[in-house]
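Summary of the model geometry
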Amino acid sequence: MKFRKLSILLALMLCLSLVPVAAYASSSEIELNPIAAVEQGDSVVISGTTTLTEVIVKVLRPSNSVLFYDIVQTSGGQFSVSFTLADSEAKGTYKVVAGQADQVDTVDFVVKSASTGGGGDPIGTITPPETAPDTSRPVTPGETNANPVVVDTSNNVVDPSKDANGRVTNIVKQDDAALAAALAEAARQDNHGDTPIVYIAYSNKPGEGVEFNLSAAILAAAAQGAPDTIVSLQTMDGEYSLPLSIIDFAALAQSLGTTLDKISIQVNISTVAADINAQIKEKALDLDASQLGVAIQFTITVAGNGKSIELNQFGSVYVDRNIVLDSTADNAHATVVLYDPVTGQFSFVPATFEKQKDGTTKITFKRNGNSIYTALSLTRTFNDTSTHWANKDIELLASKLIVKGVSDNQFAPNKPITRAEFTALLVRSLGLSVETPSTNFKDVSTDDWFAGAIGAAVKAKLVEGYNDNSFKPNDTITREQMAVMVARAITAAGKTVHVEEQHNQSLAVFTDYEDISSWAQKSVAQSIEAKIITGRTDGSFAPSANATRAEAVVMLKRLLQYAAFIN
């Protein structure tokens, strides 16, 4: 498959490269959007509409040499790709050619000299940011009864800096008095039972990162009175909903050997470098997937006394982040993934997709750590599930990289699922990081494929072993065992299911409710109340029956929807 795609790519590129510039003509199959004039060192965004499933994009310099090319997957009839001009790139008129073979369109854009004064802000100067947030991007949490308080940014200072590769990061130093005033107002007002929210926005240029610097002392003071307060940090690339509850201010001050008034909380939001994004595109193609938009990285660093500590593990707290795609996305085939640059692997991240009135797609995703994230579009099907009652759910979770088949084309939906297999699926569904292989159980070896997943599940309090210190990973899992793990997963996801104190009343609807083990009764009641696990058609619960792979998938899908981890 990879060889076939490479061959197609080379053939298409050859077709485009052999056509003289003067011969390019507009085609009804593709239409490029106009591109405004840019400066040397700026990013160039190329977008358009097309009926093609993928397009080759090529940019020609005024001398007709190739500056940039890429293969871009389309989504909803639209496509978009960007790149950054070198500071030394020549001035003049550049031509963009996009399409396949003779189905192409062209558009010109002008590259001007970089600003050195007057109308521009050269790197290294300190400038005031905009005083109001850009309302074209979402402020989250999206569903809240609280009235978010805008932090005054008129007295902020911004120090743009370049790294060794020429990438710009705008260091935004938030004014302490304005931040303290907004936090006090948010805590004081009637938030109708919801969490107080303040937000800070900075409108960055395409390709530039943003680092918000916030006073730890100001945040710590606010956290004493309203520990659940959220500081929403908003850029043109993404948004980070920072809960103050995830920061142990006293412990950080002790670790840095200084006081809170000398510590800053630094939140960085930036798209990844072009070479990293190229790696992500290539890895996506290996999965027969296409990347939606550009990968984005979020980091939190605490700095003081000449030292710094990166915050990357938030325990049981799932922190919301938002990005906006310039096109629509089908949530049945779109998913957000974490990209590990060391292993080159993708893993599922809980996310929901919301179509906006302007045709864009707002993606809200959540995780208890920071990393590199991107959205993918892919489709998974299996030969043995096309007529199965659980086919839709199986294809959905497979397309989100949560479940896998027993082979490329077979899922084996009616095969019993083992305790280790369901544990691994649960860990994947919650977007948990796989832990160093656990040796806590006498029958789990560090060499076992499931050891890391069991370690993560133990840490998240999803599973326990037996009294003899075994886990029995290869035993088939029963429906009541699964119910217990699902109930714990609900708690791990930050949700609560209230059941009557006499939960036996909730279970009495089943003809065999007396067969449910006492240790599982409350969990079964919670799973039933959340509509994640249901009875069988004969009115029984069948607590000791072995669960199948298909039943496990359906339960996981319901769990993810209950926790708002998928649409």
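Residues numbered from 1 in each chain as written. Predicted model: local features only at pLDDT ≥ 70, side-chain atom pairs only at ≥ 80, totals over all residues. Heavy atoms only, no water.

1. What to know about the overall build of the protein chain
The number of helices and strands found in the protein chain is 12 helices and 24 strands. Intrachain contacts of the protein chain at a sequence separation of at least 6 include 73% that bridge at least 24 residues. Working note: accessible area of the protein chain is about 25,900 Å², and carbon and sulfur atoms make up 48% of it. (Helix = DSSP H or I, 4+ residues; strand = E, 2+ residues; numbered from the N terminus. Contact = heavy atoms within 4.5 Å. Areas by Shrake-Rupley, 256 points an atom, 1.4 Å probe, with all protein chains shown as cover.)

2. So, the pattern of salt bridges
The full count for this structure, using the stated rule, is 9 salt bridges. Between Lys 366 and Asp 320 there is a salt bridge, with its nearest N and O atoms 4.0 Å apart. Residue Lys 366 is found in strand S23 (residues 361-367), and its partner Asp 320 is found in strand S19 (residues 319-325); the two are separated by 46 residues along the sequence. For the pair shown, Lys 366 and Asp 320 are each scored as buried. Between Asp 468 and Lys 442 there is a salt bridge, and its shortest N-O distance comes to 3.8 Å. Separated by 26 residues along the polypeptide, Asp 468 in the loop between helix H8 (451-459) and helix H9 (479-492) and Lys 442 in the loop between helix H7 (419-429) and H8 bring together distant segments of the chain. With relative accessibility at 40%, the residue Asp 468 sits in the partly exposed group. Relative accessible area serves as the criterion here: at 60%, Lys 442 is assigned to the exposed category. A cluster of three or more residues bridged by salt bridges with shared partners is formed by Arg 479, Arg 536 and Glu 551. (Salt bridge = Lys/Arg side-chain N within 4 Å of Asp/Glu carboxyl O. Buried < 20%, exposed > 50% of the residue type's maximum accessible area, 1.4 Å probe, protein only.)

3. Here's the deal with the side chain of Thr 364
Among the structural elements, Thr 364 can be located in strand S23. In terms of polar contacts, Thr 364 uses its side chain to reach the side chain of Asn 322, at 2.8 Å. Setting aside its immediate chain neighbours within four residues, Thr 364 contacts Asp 320, Arg 321, Asn 322, Pro 350, Ala 351 and Thr 352. (Polar contact = N/O pair within 3.5 Å; in protein donor to acceptor, adjacent residues only side chain to side chain.)

4. What about the sheet that holds strand S3 (residues 43-50)?
Ordered in space as S1-S3-S6, the 3 strands form an open sheet in which the pairing is antiparallel. Two strands close off the open sheet at either side, each with one partner strand: strand S1 (30-32) and strand S6 (78-84). The mean inter-strand angle of the sheet, taken between neighbouring strand axes irrespective of direction, is 20 degrees. Inspection of the sheet shows S1 paired to S3 by 3 bridges, in the antiparallel sense. Across the sheet, the residue bridging to Leu 32 is Gly 48, located in S3. (Pairing = 2+ DSSP bridges. Axes fitted to C-alpha atoms, helices over the stretch in contact; angles between N-to-C directions.)

5. As for the sheet that holds strand S8 (residues 103-112)
Spatially, S2-S8-S7-S4-S5 is the arrangement adopted by the 5 strands of the open sheet, whose pairing is mixed. Each edge of the sheet is formed by a strand with only one pairing partner; in this case those strands are strand S2 (38-39) and strand S5 (66-73). Judged from the 9 bridges that link them, strand S7 (residues 92-100) and S8 form a sheet pairing that is antiparallel. By the bridge assignment for S8, Gln 100 is matched with Gln 103.

6. Focus: the packing of helix H2 (residues 176-188) against helix H3 (residues 216-225)
Interhelical geometry of H2 versus H3 gives an angle of 10 degrees and a closest axis separation of 10 Å. When the axes of H2 and H3 are compared, the pair comes out roughly parallel. Across the interface between the two elements, Asp 176, Leu 179, Ala 180 and Leu 183 from H2 touch Ile 218, Leu 219 and Ala 222 from H3. Of the residues contributing to the contact of H2 with H3, the split by class is 6 nonpolar, no polar and 1 charged. (Parallel < 35°, antiparallel > 145°, perpendicular 65-115°, else oblique. Nonpolar A, V, L, I, M, F, W, Y, C, P; charged D, E, K, R; others polar.)

7. Observations concerning the pairing of strand S10 (residues 157-162)
Pairing geometry for S10 and strand S11 (residues 168-173), over 6 bridges, is antiparallel. Residue pairing across strands places Val 158 opposite Val 172, the latter belonging to S11. Once S10 ends, the chain turns through 5 residues before running back antiparallel as S11, passing Gly 166 with a positive phi of about 85 degrees.

8. Some words on the packing of aromatic side chains
Across all of its chains, the model carries 12 aromatic pairs by this definition. Relative to Phe 109, the ring of Tyr 94 lies with its centre 5.6 Å away and its plane at 25 degrees, an arrangement referred to as stacked. Taken together, the residues Tyr 94 in strand S7 and Phe 109 in strand S8 connect sequence positions 15 residues apart. On the basis of relative accessible area, Tyr 94 is assigned to the buried category, the value being 0%. Given a relative accessible area of 1%, Phe 109 falls into the buried group. Taking the centre distance of 5.3 Å and the plane angle of 80 degrees together, the rings of Trp 449 and Phe 450 count as edge-to-face. Members of the aromatic cluster, joined through ring pairs, are Tyr 240, Phe 298, Phe 365 and Tyr 373. Directly above the aromatic system of Phe 541 lies the positively charged group of Arg 479, at a separation of 4.8 Å from the ring centroid. Taking NZ or CZ as reference, Arg 549 lies 4.3 Å from the ring centre of Phe 411, over its face. (Phe/Tyr/Trp six-rings, centres within 6.5 Å; stacked < 30°, edge-to-face > 60°. Lys NZ or Arg CZ within 6 Å of the ring centre and 35° of its normal.)

9. Overview of the environment of Phe 565
Mapped onto the elements, Phe 565 comes out in the segment after helix H12 (549-562). The spatial distance from the C-alpha of Phe 565 to the C-alpha of Thr 352 is 6.5 Å, given a sequence separation of 213 residues. Setting aside its immediate chain neighbours within four residues, Phe 565 contacts Tyr 318, Phe 348, Pro 350, Ala 351, Thr 352, Lys 366, Ser 429, Leu 430, Ala 493 and Leu 560.

10. Describing the confidence of the model for the protein chain
The share of residues in the protein chain with pLDDT of 70 or more is 88%, and the mean pLDDT across the chain is 85. Every residue in residues 1-25 scores below 50 in pLDDT, and together they form 32 contacts with partners more than four places removed in sequence or on other chains. Considering only residues more than four positions removed or in separate chains, one finds that residues 116-135, a stretch of pLDDT under 50, has 35 contacts. (pLDDT = per-residue confidence, 0-100.)

11. What to know about unusual backbone geometry
The backbone of Lys 461 shows a phi angle near 60 degrees, a positive value even though the residue is not glycine. By secondary structure assignment, the location of Lys 461 is in the loop between H8 and H9. By relative accessible area, Lys 461 is classed as exposed at 66%. At Ala 564, a position not held by glycine, the phi torsion is positive, near 60 degrees.

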